[in-house]
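Coordinate inspection notes
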2 protein chains.
Amino acid sequence: MTNTASREGDLQKVFDHIAANEENFIARVMEYVRHPSISAQDIGIAEVAGLLVDHLTGLGFTAEAIETAGHPMVLGRRDESPGAPTILLYGHYDVQPPEPLEAWASPPFEPTIRDGRIYARGIGDNKGQHFAQLLAIESHLAVHGRLPCNVVVLLEGEEEIGSPHIAAFVEAHRDRLKADLVVTADGPIHPSGRPVLTYGVRGVVNFELHCRHAARDVHSGNFGGVVPNPLWTLVHLLGTMKNAAGEITIPGLHDRIVPPTDQERAIAARLPLDPESIKAELTLERLDAPAELGVAERLMFRPTLTINGFHGGYGGPGSKTVLPCEGVVKCDIRLVEAMMPEDVLDKVEAHVRRHAPEVTVVRQHGMLPSKTPVDSPFGAAIRQAVLAAQGLEPYEYPSLGGSLPDYVFTKILGVPAFVLPYANADEANHAPNENLRVDCFVNGIRTGAALLSALAAADHKSA
Amino acid sequence: MTNTASREGDLQKVFDHIAANEENFIARVMEYVRHPSISAQDIGIAEVAGLLVDHLTGLGFTAEAIETAGHPMVLGRRDESPGAPTILLYGHYDVQPPEPLEAWASPPFEPTIRDGRIYARGIGDNKGQHFAQLLAIESHLAVHGRLPCNVVVLLEGEEEIGSPHIAAFVEAHRDRLKADLVVTADGPIHPSGRPVLTYGVRGVVNFELHCRHAARDVHSGNFGGVVPNPLWTLVHLLGTMKNAAGEITIPGLHDRIVPPTDQERAIAARLPLDPESIKAELTLERLDAPAELGVAERLMFRPTLTINGFHGGYGGPGSKTVLPCEGVVKCDIRLVEAMMPEDVLDKVEAHVRRHAPEVTVVRQHGMLPSKTPVDSPFGAAIRQAVLAAQGLEPYEYPSLGGSLPDYVFTKILGVPAFVLPYANADEANHAPNENLRVDCFVNGIRTGAALLSALAAADHKSA
């Protein structure tokens, strides 16, 4: 028997174990999500962190809940063999607040199965997904008594409130987090049911523009033409920051951008990113300017400057002849490799100082972009694991349009980081009636199991 | 005795009558404003219109309350002599809602005198001012048994809700409104106590700009760069409508403008319009662009395009990475002679169609500007009456910055129209604790009386 055939046989036994224990695994994940762990409301955090430490300890991990300036990080490590590769599985045990409660068909913390889906807050985002990974580990141990590689598990308690302490935590615990790669099971698969593998994320930085001229609102007739209008000041300032052709015109903003590689473009070109279906879904007449860009280019390879909100003056019914005294604009800029939030904010501030010194820039939080090379050998191993577990090749995304704190792995730890979601596309995360399809959950356990086997094989090949 | 001396003697007798009846007149105006007549809430309108018809009838007027599509117009006419000039006194008997009631030191419909001021809703705007005119008529009749000229009184019941029916009413009743001039006693005198005479008003037109792209708000990461942002569309559109130098750049908007005459500029130059005191009062760093303009030019001789409100997207605390699906901008344009609201709206619409066809223009109401020649002989007569009654020359305003429906007199009836306010500058109209100084009220009765005499004299001179 060849090594490959032997490895395939070993994995098949794990799949068989998973199949035999499906009912038990479903019951256990439902028991897990029954415990609220709402970071924004500080509900149940310590209890669920404690459950996870016990769970990991039971799987032979050295585990503890490590205090931070916010909620604790659950960290577990099982070093199987010094020569084997080490995978860090990142997830988060905190959940979004469940409100509005009246919109739920069944209570958010009383998990219920309907039509092949488990409904509960956190079942998709993210407790059901990392629980699937833990069940994959358990299944390997049950069948073989050991894991194919070393495993670090890092479960955060503050992801839903913006991960304010993860960077400092990772900086401070580099040694305990030492790994060869990071895999996060979070977010949804493709609506078609095809799995998805993501190599990067855009970063983001938020800021506000505040403008006030007069001490109070005045009458637009009695003062119009005399008193400056902060809404006009903001409109004219914004017009200097991005033009109608869709180009961000803040000097220096594009300085650090590393253009996508040919390989990234080639992978992106294979994705089912159809402008017509996006337009149909959102009843759009057109995509954003510039008109000629492909969807991947728009979503992965360029920064954006979005006005999240613009508010000032009268907003009620009918008209009011007021000349308002203040206005506020909220913006975010999505960052691509290798833009830096603080550098971007510096450039925004310098631009505002030059064009509208009366406008105040309020700096908010930022998150760096992250990118893992799409030709990483671990990428090939993960694709192979997905194929073995689900019979489908994943769609490969060079980057997500959105932001996750993956930079703490790629930029602080310096290791490749992948996002490999298990949840159905209609998981309704952050919304009422959050759910996880039972088949997605089982696919997640199978994929997690295949992943551990594939990494050992990849390491064997590369050695 | 010369005619002039005789006329002065006749007027002095009227002044004496006013002085002798001051207490009675104050009691009666307080009784009048005790009756609510809130047009926006449809409270007390018919009752107060009825009181006015009785009042006018008692003064020998042919009077009635004439129904309109809204609240009735009170119209009275007393033709003293076919050869005498006819003055139309315009005012409004409706008042603003009194809310918030808890902010009043005494109840709004329980008139109270404190520190030389009568406090009550409507005492300044406008019931106390037109009641002073009626008392001036009564005083002439009491002393001389006749009036020096013919008088038409027109009291509207919808001024506080935008005078929606006055233009149609004036069109339909031209014959009954036939007069040589119109004088409106409304608004405040100068804060220094100097009376004010106004020859014109700016017009106004309101509109909204609505923009919607996607069917719903989307995530700024998952869709940023792909889905067009209506707030950017509106920002870029507005940038084409007025530039940062303060110039309105809508083609054709300035076409109909009649520049001010040298005489208007000369009169305006004498007004106490000090930029430094405006800046100090409103804690402004600067006046609106363009920087080099004088205050009168800004306020009287140029159109303005004011953003009254801009609202779209997230406006709560902190940040939200949303790409909003809709935004609304509310604007007004102040019009100078001889701009036309419908023409201006047509030009706005044409401009928006060319630059942002996805934006909808919602046309709202408009009011034409109005201008009376500053060299009208009636202007000289009014100034003389003010001097006779108050011992002070009025400040002459070629135009107000704000808008009143005076165009119905100058443009529909084709007669000169003047605004000659009696109320103190701190009358708190439209606000809690509205008040009228007792000395201003008495000055109003005296000025109204002098006005009737002066007109007869002016007519005599011009005849």
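Sequence order as written defines the numbering, with residues in each chain counted from 1. Just so you know, chain letters begin at A and ligand numbers begin at 1, following the order they were written in. In view of the model being predicted, local features appear only for residues whose pLDDT reaches at least 70, and side-chain atom pairs are presented and counted only at 80 or more, with totals across whole chains, interfaces and linings using the full set of residues. Just so you know, side-chain values use all the structure's heavy atoms and leave hydrogens and water out.

**Structural notes on the sheet that holds strand 14 (residues 326–335) of chain B**
Note the cut-off: Two strands form a pair only when DSSP identifies at least two bridges running between them. Numbering goes from the N terminus for both helices and strands, where a helix is a DSSP run of H or I of at least four residues and a strand is a run of E of at least two. Helix axes use the C-alpha atoms of the stretch in contact, all axes being lines fitted to C-alpha atoms, and the angles between their N-to-C directions lie in the range 0 to 180 degrees. The contact rule is simple, with two residues in contact once any of their heavy atoms fall within 4.5 Å.
If you walk across this open sheet you meet the eight strands as 15(A)-10(A)-14(A)-12(A)-12(B)-14(B)-10(B)-15(B), and the pairing is antiparallel. Both edges of this open sheet fall to strand 15 (360–367) of chain A together with strand 15 (360–367) of chain B, since each of them pairs with a single strand only. Neighbour-to-neighbour, the strand axes of the sheet open up by a mean angle of 20°, direction not taken into account. Pairing between strand 12 (residues 304–313) of chain A and strand 12 (residues 304–313) of chain B: five bridges, direction antiparallel. For H311 of chain A, the partnering residue across the bridge sits in strand 12 of chain B and is H311 of chain B. Contacting strand 10 (203–212), strand 14 and strand 15 of chain B, helix 11 (residues 341–355) of chain B runs over the sheet at an angle of about 165° to strand 15 of chain B.

**As for the packing of aromatic side chains**
Basically, it comes down to this: Geometry of aromatic contacts follows a simple scheme: Phe, Tyr and Trp rings, the Trp one being its six-membered ring, pair when their centres are within 6.5 Å, and the pair is stacked under 30 degrees between planes, edge-to-face over 60, tilted otherwise. When a residue's accessible area, from a 1.4 Å probe over protein chains only, is under 20% of the maximum for its type it is buried; when over 50% it is exposed; and in between it is partly exposed. Think of it as a cone above the ring: NZ of Lys or CZ of Arg counts as a charge over the ring if it is within 6 Å of the ring centre and within 35 degrees of the ring normal.
One pass over the structure, following the stated rule, counts seven aromatic pairs over all chains. Both rings, one in Y32 of chain A and one in F131 of chain A, keep their centres 5.1 Å apart while their planes meet at 25°; by these two values the pair is stacked. A residue pair is termed long-range when its members are at least 10 positions apart, and Y32 of chain A in helix 2 (residues 22–33) and F131 of chain A in helix 4 (residues 127–144) qualify at 99 residues. For F131 of chain A, a relative accessible area of 5% puts it in the buried group. The cationic tip of R194 of chain B hangs over the ring face of Y395 of chain B; the distance from NZ or CZ to the ring centre is 4.0 Å.

**Description of helix 12 (residues 377–390) of chain B**
Residue and element names in this part refer to chain B. Applicable threshold: Multiplying one less than the number of residues by 1.5 Å gives the expected span of a helix. This arc describes the spread of directions from the helix axis toward the C-beta atoms. For the purposes of these results, a polar contact is taken to be a pair of N or O atoms within 3.5 Å, where, inside protein, one atom must be able to donate a hydrogen and its partner to accept one; residues adjacent in sequence count only when each atom of the pair is a side-chain atom.
Between its first and last C-alpha, helix 12 extends 20 Å over 14 residues, near the 20 Å set by a 1.5 Å rise per residue. For helix 12, the set of buried residues is F378, G379, A381, I382, A385, V386 and A389. The buried residues of helix 12 occupy an angular sector of 160° when projected down its axis, which confines them to one face. For helix 12, the N-terminal cap is S376; the gap from its side-chain oxygen to the backbone nitrogen of F378 is 3.1 Å.

**A word on the nonpolar core**
Counted only if it meets this: Remark: nonpolar core denotes a set of buried residues (Ala, Val, Leu, Ile, Met, Phe, Trp, Tyr, Cys) joined through side-chain atoms within 4.5 Å.
Membership of the largest hydrophobic core comes to 69 residues, with the highest contact counts inside it found for I87, I137 and V151 of chain A. Membership of the second largest hydrophobic core comes to 68 residues, among which are L89, A120, F378 and A389 of chain B.

**Some points on the packing of helix 2 (residues 22–33) of chain B against helix 4 (residues 127–144) of chain B**
Residues and elements named next belong to chain B. Here is the rule: An angle below 35 degrees is read as roughly parallel, one above 145 as roughly antiparallel, one from 65 to 115 as roughly perpendicular, and any other as oblique. Crossing chirality is assigned from the near helix's rotation relative to the far helix, an anticlockwise turn below a right angle marking it left-handed and a clockwise turn marking it right-handed. Residues are sorted three ways: Asp, Glu, Lys and Arg are charged, Ala, Val, Leu, Ile, Met, Phe, Trp, Tyr, Cys and Pro are nonpolar, and all the rest, Gly among them, are polar.
Between helix 2 and helix 4, the least distance of the axes is 10 Å, while the angle of their chain directions is 135°. Taken together, the axes of helix 2 and helix 4 are oblique relative to one another. Relative to helix 4, helix 2 is oriented so that their crossing is right-handed. The residues of helix 4 that touch helix 2, namely those facing F25, R28, V29, Y32 and V33, are K127, G128, H130, F131, L135, E138 and S139. A class-by-class count of the residues in the contact of helix 2 with helix 4 yields six nonpolar, three polar and three charged.

**Structural notes on the interface of chain A and chain B**
Definition in use: Here the buried area means the combined drop in accessible surface, using a 1.4 Å probe, for two parts upon being joined, counting both sides. Throughout this description, the term salt bridge denotes a Lys or Arg side-chain nitrogen within 4 Å of a carboxyl oxygen of Asp or Glu.
Taken residue by residue, the interface counts 69 residues in chain A and 69 residues in chain B. When the two sides are added together, the surface that chain A and chain B hide from each other amounts to roughly 5400 Å², 57% of it contributed by carbon and sulfur. The largest per-residue losses of area from chain A upon contact with chain B belong to V226, W232 and L282 of chain A, which jointly make up 13% of the total buried on that side. Where chain A meets chain B, there are four salt bridges. One salt bridge in this structure joins E358 of chain B and R286 of chain A, with 2.6 Å as the shortest N-O distance.

**Some thoughts on the sheet that holds strand 5 (residues 117–119) of chain A**
Residue and element names in this part refer to chain A. Pairing is antiparallel across the open sheet formed by three strands, whose spatial order is 4-5-19. The sheet is open, and its two edges are formed by strand 4 (112–114) and strand 19 (435–437), each paired on a single side. With strand direction ignored, the average angle separating the axes of adjacent strands in the sheet is 25°. Of the strand pairs in this sheet, strand 5 and strand 19 are connected by three bridges, and their pairing is antiparallel. Paired with I118 across the strands is L436, a residue of strand 19.

**Here we look at the environment of I382 of chain B**
Residue and element names in this part refer to chain B. In this structure, I382 sits in helix 12. Taking the C-alpha atoms as reference points, I382 and L455, 73 residues apart in sequence, are found 7.6 Å from one another. Setting aside chain neighbours within four positions, we find I382 in contact with L181, V183, L197, F418, L420 and L451.

**Remarks on the domain arrangement of chain A**
All names here are of chain A. For clarity, the cut-off: Marked domain ranges trace back to an automatic or database domain assignment.
For chain A, the domain assignment lists domain 1 (3–201 + 370–462) and domain 2 (203–257 + 303–367). Using only C-alpha atoms to locate each centre, domain 1 and domain 2 end up separated by 39 Å. Both faces considered, domain 1 and domain 2 share a buried interface measuring about 610 Å² in area, 55% of it formed by carbon and sulfur atoms. In terms of surface lost to domain 2, no three residues of domain 1 exceed K371, S403 and K411, which account for 53% of the buried area on that side. The interface formed by domain 1 and domain 2 holds one salt bridge in total. Note that E337 and K411 form a salt bridge whose closest N and O atoms lie 3.2 Å from each other. Linking domain 1 with domain 2 are three residue pairs in polar contact (both at pLDDT 80 or more), by the criterion used here. At the level of elements, strand 16 (370–371) and helix 13 (407–413) are the ones that each hand at least two residues to the side of domain 1 that touches domain 2.

**Some thoughts on the pairing of strand 3 (residues 86–92) of chain B**
All names here are of chain B. Most of strand 3 is tucked away: seven of the seven residues are buried. The side-chain alternation of strand 3 yields two buried faces, one formed by T86, L88, Y90 and H92 and the other by I87, L89 and G91. Examined bridge by bridge, strand 3 and strand 6 (residues 150–156) share seven bridges and lie parallel to one another. Bridge pairing in strand 6 links I87 to V151.

**Quick look at the relation of the copies chain A and chain B**
Keep this limit in mind: All copies are superposed by least squares; the fitting set is the C-alpha atoms of residues with a pLDDT of at least 70 in both.
Expressed as a screw operation, the relation of chain A to chain B combines 0.0 Å of axial shift with a rotation of 179°, fitting to an RMSD of 0.2 Å. The operation mapping one copy onto its partner corresponds to a two-fold rotation axis. When C-alpha distances to the rotation axis are compared across chain A, the minimum falls at H311 of chain A, with a value of 2.3 Å.

**Observations concerning the pairing of strand 2 (residues 73–78) of chain A**
Every other side chain in a regular strand lies on the same face of the sheet, so the side chains alternate between the two faces. Residues and elements named next belong to chain A. Counting buried residues along strand 2, six of its six residues qualify, which places the element largely inside the surrounding structure. Burial of strand 2 is two-sided: the residues M73, L75 and R77 facing one way and the residues V74, G76 and R78 facing the other way are all buried. Bridging between strand 1 (residues 62–66) and strand 2 involves five bridges; their strand directions are antiparallel. Its bridge partner being in strand 2, I66 is matched across the sheet by M73. Counted between consecutive antiparallel strands, the loop separating strand 1 from strand 2 contains six residues. Sheet topology places strand 2 next to strand 6 (residues 150–156); five bridges connect them, and they run antiparallel. Looking at strand 6, one finds that L75 is bridged to L154.

**So, unusual backbone geometry**
With an omega of 5°, the peptide bond running from D125 of chain A to N126 of chain A counts as cis. As for its placement among the helices and strands, N126 of chain A is situated in the loop between strand 5 and helix 4. Residue P100 of chain B follows E99 of chain B across a cis peptide bond; omega there is 0°. Relative to the assigned elements, P100 of chain B resides in the loop between strand 3 and strand 4 (112–114). Backbone geometry at A428 of chain A places phi at a positive 55°, although glycine is not the residue there. Look at N433 of chain B: it is not a glycine, yet its phi comes out positive at around 60°.

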